[in-house]
Amino acid sequence: MKIHFLPTGTLRVKHAFLHPRAGFRRRLDLLTPGPWSEPLPIGAWLIEHDGERILIDAGETTSPKDAPFAQHTVTPEDELPSALKAVGLSPGDVTTAVVTHLHPDHYRGTVHLKTPMLVNAAEWAEATSLRGRMIQRLSGAPLPDTVDFKLVDLSDGPFGAFHASRALTTDGRVVLVSTPGHTHGHTSVIAIDDDGIGMPSN
């Protein structure tokens, strides 16, 4: 098994985003002047295993709309094709793509892929609800029609401490798990390496 980090540009966010206060003050701090973080990487991950090349998130493109609390720096050379080329691959080599949650810096790079992007059905339901659509409109980042999202249910039962999961490979060594918090239907991917690290204990 090989795991690659694929950088696709950088992002600066307000300190209020990284260290939020409770209640209404949090939203106010995001919209009013304040200090900014150092540049943070916007990235994706690629797992090569048993003939599969599984992409986790797709990074950004050169067309993000900055928000009052987020500033992007992405060049054409930062986008997914160049990131994959750096590890000897191309978008056509990706066999499975999955998005952890529906924030633009995680799915916009999907425009370079031919394979559908898997998304947790619970995340999709939240993002396409009235509240989700309102947030997207206010942030200027609606879900694009150009991305081929494919809904999946986490129907394989618990995986270790995670209450819901879905295997992404036939041998069960790459697993999508439910990790709500950042968004309602947020997911993460666990990869069990060649030494068995990542396998939940009984």
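This structure is a prediction, so every number in the text was calculated from the model and none was measured.

Points about the side chain of Thr187
Locating Thr187 in the fold gives a position in strand β10 (residues 187-191). Not counting residues up to four positions away in its chain, the partners in contact with Thr187 are Val99, Thr100, Asn120, Leu154, Leu176, Val177, Ser178 and Thr179.

A closer look at the sheet that holds strand β9 (residues 174-178)
Strand order in the open sheet formed by three strands is β8-β9-β10, with antiparallel pairing between adjacent strands. Sheet topology places β8 (165-167) and β10 at the edges, where each strand pairs with a single neighbour. Strand-to-strand twist of the sheet, defined as the mean angle between neighbouring strand axes without regard to direction, takes the value 25°. Pairing of β9 with β10, which is carried by five bridges, proceeds in the antiparallel orientation. Across the sheet, residue Val174 finds its bridge partner in β10, namely Ala191.

Re unusual backbone geometry
For Asp50, which is not glycine, the phi torsion reads 55° and is therefore positive. Summarising the element assignment, Asp50 is placed in the loop between β2 (40-49) and β3 (52-56). Non-glycine residue Asp57 carries a positive phi angle of around 65°. Within the secondary structure, Asp57 is located in the loop between β3 and β4 (70-73).

A closer look at the sheet that holds strand β5 (residues 96-98)
Spatially, seven strands are ordered β4-β1-β2-β3-β5-β6-β7 in an open sheet, and the strand pairing comes out mixed. Every interior strand has two partners, whereas the edge strands, β4 and β7 (149-152), have only one. Neighbour to neighbour, the strand axes of the sheet diverge by 30° on average, direction disregarded. In terms of strand pairing, strand β6 (residues 117-120) meets β7 through four bridges, oriented parallel. Residue pairing across strands places Leu118 opposite Lys150, the latter belonging to β7.

Quick look at the side chain of His106
Turning to its location among the elements, His106 is positioned in helix α4 (residues 104-107). The contact partners of His106, leaving out residues within four places of it in the chain, are Asp57, Ala58, Gly59, Val99, Thr100 and His101.

Criteria and thresholds
- Residues numbered from 1 in each chain as written.
- Predicted model: local features only at pLDDT ≥ 70, side-chain atom pairs only at ≥ 80, totals over all residues.
- Heavy atoms only, no water.
- Helix = DSSP H or I, 4+ residues; strand = E, 2+ residues; numbered from the N terminus.
- Contact = heavy atoms within 4.5 Å.
- Pairing = 2+ DSSP bridges.
- Axes fitted to C-alpha atoms, helices over the stretch in contact; angles between N-to-C directions.

The values reported here are purely geometric and, on their own, carry no functional implication.
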